[in-house]
Amino acid sequence: MTRSAHVDTFARDHLPPRDQWPEFVFDRPELQFPPQLNCATELLDRWVQRGEGARTAILGAGGLRWTYAELLAQANRVARVLVEDMKLVPGNRVLLRGANSPMLAACWLGVVKAGGIAVGTMPLLRARELTTIVDKAQVSHALCDRRLADELAATQAQCPTLKHVLHYGPHDAPDELEARMAGKPPTFADVPTAADDTVLIAFTSGTTGVPKGTMHFHRDVMAACACWPPHVLRPRADDVFIGSPPLAFTFGLGGLLLFPLAVGASTVLLEKATPEALLPAIAQYRASIVFTSPTAYRAMAAHAKEHDLSSLRKCVSAGEALPAATRQLWKEATGIEMIDGIGSTEMLHIFISADEAHAKPGATGVPVPGYQACVLDDEGRPLPKGQVGRLAVKGPTGCRYLADERQKVYVQHGWNVTGDAYLIDDDGQFVYQARTDDMIISGGYNIAGPEVEGALLLHPAVAECGVIGVPDAERGQIVKAFVVLKPGHEPGPAMAAELQDFVKRTIAPYKYPRAVEFRASLPRTETGKLQRFKLRDGG
Ligand code: 3UK
């Protein structure tokens, strides 16, 4: 029996009903967890207790370098500010707002130490999207980068639950959070959470555009650290991790914070990690392991030769399918065979992957030790090799949506059904085909068409619209909007540009439609439902 440390029982009260949980499999010795477990204690305090506090933990802009002992002290001070000044009680949800930085990492660890539940958010989100997240997760606290204060203030005006907010500044301009931290001792007694207390709620956009909150436990974090990293990535304590995914995206949280800490390695957390910025940063920090998207590898391959990438050992690609051509380009440019892996917010991290030695162009790989996977037909029966069906997985982590009917869509017969069409080839390798739903994946971002439609429909000239993803060599897919204008409005390039700007101002700018086509009408069913497949087929 585990003893929950959550005084605020919101997360426990809003887990899906047990009969809707996926089957969890813990059939390996490294997946046996004690009943009480705080993953921050395991990932951070343990190193200092073992006398390894002088190792470098985090590197950041402006020459910032924190040892494990210094990161621990910072995280402990954040925990104290939360508990002593912001009245956090275990189980409260804490919104984290900021681009990747050492301070954001310290905030995440501080929240977890204090028994809080971390709710990471993409820096680009606007008040409209933040309001949905804060309402859904009943968020009470926020730690926010000063430069994102305006959108948070607009959110707070709409959200009565969000009572306690503190801002932190860039490294060279400390703000109110740092001022409070300066007055705190560097020690903190971590809250002894249960292994099955929720530690984070990660939001992911669904096809309907209403974001889903996925709940993960302290033990899930440790399980993610125990599966893919030691079996596929095989990092070392002297590795320097770097990459682009935000810590608000579980791909980034694992790859750029949890996994380096799990092996006592160091991680470079950069606010700006575009392909142009990442190449010189790899050289500058002598990074050895990089995490980014296929689109970014494609962009970087063209300029790789202009930089000293001799420190690089391992290159991880995830978030969307890795085209064989991109794998080839990167290998030609750097000599490195990429590690592809499919993960999801629901599964927390990568569950099918292949290391350098087993990489097969065009294939994702095989189930990561600790996970099982198969391809199911529409009736939920496993398909033989070579046939395309729905990818289904189970393992030590899995889908638990926060109060969401779509739990029954993702979890079927105990399997996590990811929404991807896959086949298993003759070698037993899993080969990605397509998304089975309407999600648009563009440049590594997940974009829900209906959310973009919702934004467009707020514009006074738009009568109706339909948004789909169309293939694009550069970004995988791009967002395309089909728009029917109200009478009296002129279609044309000026109107298209105006609509694009409008979407950028309304929701996160990366969701704007890069292509706009004007139509006299849209294909609909008799009941009035938009037929997106007809738009995709050009009809
Ligand atoms: C797609 C891939 C083919 C696939 C993620 C690694 O992407 C992550 O999580 P999301 O919830 O999206 C999940 C969906 O993205 N996908 C991801 N990786 C691949 N498709 N090949 C791949 N290698 O449709 C999946 O269902 O945003 C990735 C680790 C943690 C993550 N959260």
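Residues numbered from 1 in each chain as written. Predicted model: local features only at pLDDT ≥ 70, side-chain atom pairs only at ≥ 80, totals over all residues. Heavy atoms only, no water.

Mapped onto the elements of the fold, Cys107 is located in helix H4 (residues 102–113). Linking Cys107 and Ser344, residues 237 residues apart in sequence, is a C-alpha distance of 23 Å. Not counting the four nearest positions on each side in its chain, Cys107 is found in contact with Val78, Leu96, Leu143, Tyr168 and Leu177. (Helix = DSSP H or I, 4+ residues; strand = E, 2+ residues; numbered from the N terminus. Contact = heavy atoms within 4.5 Å.)

The next subject is helix H16 (residues 493–506). The end-to-end C-alpha distance of H16, which contains 14 residues, comes to 20 Å, matching closely the 20 Å that a straight helix rising 1.5 Å per residue would cover. All buried positions along H16 are accounted for by Met495, Ala496, Leu499, Gln500, Phe502, Val503 and Thr506. Seen end-on, H16 carries its buried residues on one side only, within an arc spanning 160°. Residues of H16 that are exposed and point over 90 degrees away from its buried face: Pro493, Ala494 and Arg505. Elements that come into contact with the buried residues of H16 comprise helix H5 (127–137), helix H15 (449–456), strand S23 (462–472), strand S24 (476–485) and strand S25 (515–518). (Expected span 1.5 Å × (residues − 1). Buried < 20%, exposed > 50% of the residue type's maximum accessible area, 1.4 Å probe, protein only. Arc of directions from axis to C-beta.)

What follows concerns the layout of surface pockets. In this model, the second largest pocket occupies a volume close to 590 Å³. Taken together, the elements giving at least two residues each to the lining of the second largest pocket come down to helix H12 (294–301), helix H13 (324–334), strand S20 (430–435), strand S21 (440–442), S23 and S24. (1 Å grid on protein atoms, 1.4 Å probe; cavity = no way out; pocket = protein on both sides within 12 Å on 5 of 7 lines; lining within 4 Å. Points joined across faces, edges and corners; volume = space filled by probe spheres on them.)

What follows deals with the packing of aromatic side chains. Under the counting rule described, the total for this entry stands at 14 aromatic pairs. Between Phe249 and Phe251, the ring centres sit 5.9 Å apart and the planes meet at 75°, which makes this aromatic pair edge-to-face. On the basis of relative accessibility, which here comes to 23%, the residue Phe249 falls in the partly exposed class. Both rings, one in Phe351 and one in Tyr371, keep their centres 6.5 Å apart while their planes meet at 45°; by these two values the pair is tilted. You can see Phe351 sitting in strand S14 (residues 350–353) and its partner Tyr371 sitting in the loop between strand S15 (366–367) and strand S16 (372–376), a full 20 residues away along the chain. On the basis of relative accessibility, which here comes to 1%, the residue Phe351 falls in the buried class. Judged by relative accessible area, which is 8%, Tyr371 ranks as buried. An aromatic cluster is built from Trp228, Phe241, Phe249, Phe251, Phe259 and Phe291, whose rings are joined through pairwise contacts. Of note, Arg219 hangs over the ring of Phe24, and the distance from its end group to the ring centre comes to 5.5 Å. (Phe/Tyr/Trp six-rings, centres within 6.5 Å; stacked < 30°, edge-to-face > 60°. Lys NZ or Arg CZ within 6 Å of the ring centre and 35° of its normal.)

In terms of domains, the protein is made up of domain 1 (38–192) and domain 2 (439–536). Using C-alpha coordinates to define each centre, domain 1 is positioned 36 Å away from domain 2. Listed by partner, the interface residues are 5 residues for domain 1 and 11 residues for domain 2. Both faces considered, domain 1 and domain 2 share a buried interface measuring about 640 Å² in area, 59% of it formed by carbon and sulfur atoms. Between the two partners, domain 1 and domain 2, sit 1 salt bridge. (Domains from an automatic or database assignment. Buried area = accessible area lost by both parts, 1.4 Å probe. Salt bridge = Lys/Arg side-chain N within 4 Å of Asp/Glu carboxyl O.)

So, on to the side chain of Asp145. In this structure, Asp145 sits in strand S5 (residues 141–145). Residues in contact with Asp145, not counting those within four places in the same chain, are Arg97, Gly98, His167, Tyr168 and Glu271.

Here we have 9 strands laid out as an open sheet, ordered S2-S1-S10-S9-S11-S12-S13-S14-S15, and mixed in their pairing. Strand pairing shows two members of the sheet lacking a second neighbour, strand S2 (65–67) and S15, which therefore form its edges. With 3 bridges connecting them, strand S9 (residues 240–243) and strand S11 (residues 289–292) associate as parallel partners. Of the residues in S11, the one forming a bridge with Gly243 is Phe291. Taken strand by strand, helix H3 (residues 68–85) contacts strand S1 (56–60) and S2, and its axis lies near 90° from that of S2. Here helix H10 (residues 250–263) sits on the sheet in contact with S1, S9, strand S10 (266–269), S11 and strand S12 (314–317), set at roughly 165° to S9. (Pairing = 2+ DSSP bridges. Axes fitted to C-alpha atoms, helices over the stretch in contact; angles between N-to-C directions.)

Before going further, it helps to spend a moment on the nonpolar core. Nonpolar side chains in soluble globular proteins tend to be buried together. One finds Trp108, Leu143 and Trp228 to be the most contacted residues of the largest nonpolar core, which totals 90 residues. Among the elements that line this core, the one with the most residues is H4, at 9 residues. For Trp108, the residues in contact, after removing those within four places along its chain, are Cys39, Leu96, Ala118, Leu200, Leu253, Leu257 and Leu258. Trp21, Val119, Ala137 and Val503 belong to the second largest nonpolar core, which has 48 residues in total. (Core = buried A, V, L, I, M, F, W, Y, C linked by side-chain atoms within 4.5 Å.)

The subject of this paragraph is the pairing of strand S13 (residues 339–343). Burial analysis of S13 places 4 of its 5 residues in the buried class, which makes it a mostly covered element. Of the pairings in the sheet, the one linking S12 to S13 comprises 2 bridges and is parallel in character. Residue pairing in the sheet places Ser317 in a bridge with Asp340 of S13. Crossover connection from S12 via H13 to parallel S13: handedness right-handed. Pairing between S13 and S14: 3 bridges, direction antiparallel. (Right-handed = clockwise from strand over helix to strand, strands pointing away.)

Relative to the helices and strands, Glu405 resides in the loop between strand S17 (389–394) and helix H14 (407–410). Taking the C-alpha atoms as reference points, Glu405 and Leu247, 158 residues apart in sequence, are found 27 Å from one another. Within the local environment of Glu405, its side chain forms a polar contact with the side chain of Lys408, the two groups lying 3.2 Å apart. (Polar contact = N/O pair within 3.5 Å; in protein donor to acceptor, adjacent residues only side chain to side chain.)

The next subject is the sheet that holds S25. Spatial ordering of the open sheet is given by S23-S24-S25, a layout of 3 strands whose pairing is mixed. Edge strands, defined here as strands with exactly one partner in the open sheet, are S23 and S25. Across the sheet, the axes of successive neighbouring strands diverge by a mean angle of 25°, strand direction being ignored. Strands S23 and S24 of the sheet are contacted by H15, whose axis makes an angle of about 145° with S23. Of the strands in this sheet, S23, S24 and S25 touch H16, which is tilted by about 130° from S25.

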